[in-house]
Amino acid sequence: MSPAFPGRRCRSVILRVVGLVSSVLLGHAGASEPPLIPGLAQRHPLSEKQAGEVLMSELRCAACHEGMQGEGMKLAPDLRTVGSRLNGYYLRHFIADPSGVHPGTTMPSLMAGESEEARRATSEALMSYLLSLQEPQVPVKVTGKADANAGREAYHALGCVACHSPRDAEGKELSRKGDVSLSHLAGKYEPNALAEFLLDPLKVRPSGRMPDMGLSRSESADLAAYLRNGHQEQALDIERPGPEQVAIGKEAFKRLNCAACHQMDESEMKVVRPGPPLAKLDPLRGCLSETPKSAPDFHLSEGQRKSIRSALAVASEPDSAAERIRMKLTQLNCIACHVRDDFGGVAPDRDAFFHTTEPALGNEARIPPPLTKIGAKLRPEWLNRVLLDRERVRPYMQTRMPHYGDVALKGLSEWLVAVDHPEPAVHKSIPPDPDEPSDPDELSAQDRELRKRMRNGALELLGDKGLNCISCHNFNGTESQGMKGLDLMTSYQRLRPEWFRGYMRNPAAFRPGIIMPSYWPDGKATQTGILDGDAKLQIEALWDTFSLGRSARDPSGLRSADIKLVVGNHPIVKRGRSRVAGFRGIAVGFPGGMNYAFNAQNGTLSAIWKGEFVYVNWKSQGAGDFTPAAKALALAQDVSFLQLDDDKAPWPLMPVTNKEKPVNPDPLYPRNHGYAFVGYALDAAFNPAFTYRCGDITIEDKPVPGSSVGPNVLRRTFTFSSPAETTLHFRALTGRIESESPGVFKTPEIRVSLSQGETMVRPSAAGDVGQELLVRLRIPKGNSSFTVDYALLP
């Protein structure tokens, strides 16, 4: 068996070819169609020039033409392991005729001026080379029996039909203008590869044009089964490419400059810009001619050529933040679900596919929220959580908010804040204002009494003897006995105070048609017996109570009970908010009583404890919470890995926000220091392994009880994958640190043993924690590993 094709048959490869690919093999390729940008195919807010700019970004014009704006360009699929995903017949015919095989693709034909024989030979060679690009290790495949019927339900409910065509009972696409066809998928992927792609599409398509829909493994398998279901399969043999063909294909890959768009590991893949620079570009020739011969042929429509020429004709001036917002929302097709100002929103023919588990809450429970003035509504740190960290607060909405990734959304939150920022407060709030907090000991007796009265009044308003807000809203992790609306206690961390005050006075002015009544019509309170019927004081009292977070008392009529999770024969994983792990916490409990918490926001082991696992108080998705059921040793929650310039550089600490410091000075703290969480997966024994990045280094982090080194030891195994040799610093411990022996350090509560690395103990940047233990790791190119043992001390 040739090493270039592990796991493939020696003489031939049996490949499934279905649907469109089968017709291609019979010589009936589909007609070429212009590249499809879904947001541009519908009603959008862009001028012709701006539409041209979006087209140029999506087609990666700056990859070939010097002087063009390249920031925000769509990235082509990562081909480093393409041979593990796509089958040979699809590759061969797609390369020869991209638009014919996949109508609407943004991949141009690179051989438009060549003879049919030359195209066939080049396509065959490129196929041979691409099939040789295999996963270095066999990836974990989706297991279990997939349910195509469940996949059909997911496809039509989770939001896929915002960009793709719904299908009838026979699986036929019910297409409209602007829909991205998926008819080619069944013949494109190797077995299981489509499910793997749907599970983590950003891995190979980092631009987010196919976003991550937050699918579980079973959901991705079901959806893949549905997308392949009902198509006639045809098994065909393909001659096994030899090393010479692979080498010829590699040379063709270089000659056609494919690495200008596609990410590759090959160091010798020199990228050039073969097209004329912007200053010398003729808008009637090359790619913009009606029949390109020696240039890439995108099969542009006349309207698309006109838009691009319009963009090229206007002097390149930086777009305003408002223009960038409109272009980005169109580019990512956010306007298929969201309204902003006078554009976007769910199309009438797709409205029936948006569902909710709480229909009594009205359209607000099933239709994604408007984005008009969203920068004035949400705090900047919460906006970043939604866009970048998958934070969700509407578990009743079945359509999922896609995760586009950092690359696609770069700059969007800053633009929204810059454009939508609200007017400053027009009045001084009644003290004590949680946004201008004071030390309770410094408050006057009168203000202390006012604070007490406001909080009692707020609980009365929220409860069953007042406005009864808890009859329609969850509260502090406890479900409402009626409708399960947004958890009220997320209000303070999500919303800007001025937006909240205006909304409470007149909800319908912000959300026309909302079922929430106005409890302060014309500025007058309907509950006149609470807080003297002072409308302003009542609203301030609610805001003050929401600022308390988990420490707020329960209002009258709320039924709440903590649930203790008990570990059985295999590990348990619980996600949610926690004081020991932040708002993206993950708790893991093991048989035998060893437990830990992982802060996925910053990528750090944040707590360890022995004994019972956790109490939970949340019955839906979103910002739930867990609390260790035994005394936990809290560890530092700052980022754990950095590429420091030198050993003396200070370790950047996580910003702390509270009532005394309500504004986060660095809402992108982990990203600004190179950290990005990718996800986690369970092994056969249900042990989670977390994957995240530090710059270009991918890190797998797997903590497991170390039975071989003691019952109270947690062994943390790191596996690094680096594109180049480099140095990485690991912050292993903070506190009052003592050195016991080479590689072994302790504080009064814990001992840490390191398998390798140069260590140094130095004063911590956070003076109250004393010292910090740093480990300098030499990371080679490729894969390497490192272990740390954490032993709890009696």
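What you see as residue numbers is a count from 1 along each chain, following the sequence as written. Per-residue local features of the predicted model are confined to residues with pLDDT of at least 70, and side-chain atom pairs are confined, for both listing and counting, to 80 or more; whole-chain, interface and lining totals are unaffected and use all residues. Water and hydrogen atoms were dropped before computing side-chain values, which therefore reflect all heavy atoms in the structure.

*Asks:* I'd like a description of helix α11 (residues 302-313), backed by residues and values.
*Replies:* The end-to-end C-alpha distance of α11, which contains 12 residues, comes to 16 Å, matching closely the 16 Å that a straight helix rising 1.5 Å per residue would cover. Throughout, a contact is declared for two residues whenever any of their heavy atoms are within 4.5 Å. Secondary structure elements are defined from DSSP: runs of H or I of at least 4 residues count as helices, runs of E of at least 2 residues count as strands, and each element is numbered from the N terminus. Where α11 is buried, its residues meet α3 (48-58). The span you would expect from a helix comes to 1.5 Å times its residue count less one.

*Asks:* Could you give an account of the nonpolar core, naming the residues involved and the relevant values?
*Replies:* Take the buried residues of types Ala, Val, Leu, Ile, Met, Phe, Trp, Tyr and Cys, join any two whose side-chain atoms come within 4.5 Å, and each joined set is a nonpolar core. Type-normalised accessible area, obtained with a 1.4 Å probe on protein chains alone, sets the label of each residue: buried when under 20%, exposed when over 50%, and partly exposed for intermediate values. Judged by nonpolar contacts, the single largest core of 60 residues is most densely connected at Phe500, Trp520, Leu542 and Phe546. Elements that contribute at least two residues to this core include exactly α12 (321-331), α14 (380-388), α15 (406-409), α16 (412-420), α17 (445-462), α19 (497-505) and α21 (535-546). For this core, the element with the highest residue contribution is α21, accounting for 7 residues. In this structure, leucine 542 is in contact with Ala458, Leu461, Leu462, Phe500, Met504 and Trp520, ignoring residues within four places of it in sequence. Residues Phe598, Ile608, Phe730 and Ile750 belong to the second largest nonpolar core, which totals 47 residues.

*Asks:* Quick one: what's the story with the sheet that holds strand β22 (residues 758-763), residue by residue and with numbers?
*Replies:* At least two bridges found by DSSP between two strands are what make those strands a pair. One open sheet accounts for 4 strands, arranged β13-β18-β23-β22; its pairing is antiparallel. Edge strands, defined here as strands with exactly one partner in the open sheet, are β13 (641-642) and β22. As defined by bridge partners, strand β18 (residues 726-735) adjoins strand β23 (residues 771-779) across 9 bridges and the pair is classed as antiparallel. Counted as the bridge partner of glycine 735 is glutamine 771 from β23.

*Asks:* Give me the packing of aromatic side chains: which residues, what numbers.
*Replies:* Within 6.5 Å between ring centres, the rings of Phe, Tyr and Trp (the latter by its six-membered ring) count as paired, and their orientation is classed by plane angle as stacked under 30 degrees, edge-to-face over 60, tilted in between. Across all of its chains, the model carries 24 aromatic pairs by this definition. Geometrically, the ring pair formed by phenylalanine 598 and phenylalanine 690 is stacked, given 4.1 Å between the ring centres and 0 degrees between the ring planes. Taken together, the residues phenylalanine 598 in strand β8 (residues 594-599) and phenylalanine 690 in strand β15 (residues 688-694) connect sequence positions 92 residues apart. Of the two residues, phenylalanine 598 and phenylalanine 690, neither departs from the other in class, the shared state being buried.

*Asks:* Explain the sheet that holds strand β21 (residues 750-754) to me, using residue names and the numbers behind them.
*Replies:* Pairing between the strands of a sheet is mediated by backbone hydrogen bonds and can be parallel or antiparallel. The sheet built from 8 strands is open, its strands ordered β14-β15-β16-β17-β24-β21-β20-β19 with antiparallel pairing. Whereas interior strands pair on both sides, the edge strands pair on one side only; in this sheet they are β14 (675-682) and β19 (738-741). Within this sheet the neighbouring strands show an average axis-to-axis angle of 25 degrees, counted without direction. The sheet contact formed by β21 and strand β24 (residues 782-792) spans 5 bridges and is antiparallel. For helices, the fitted line uses only the C-alpha atoms of the stretch in contact; every axis is such a line through C-alpha atoms, and the angle between N-to-C directions lies from 0 to 180 degrees.

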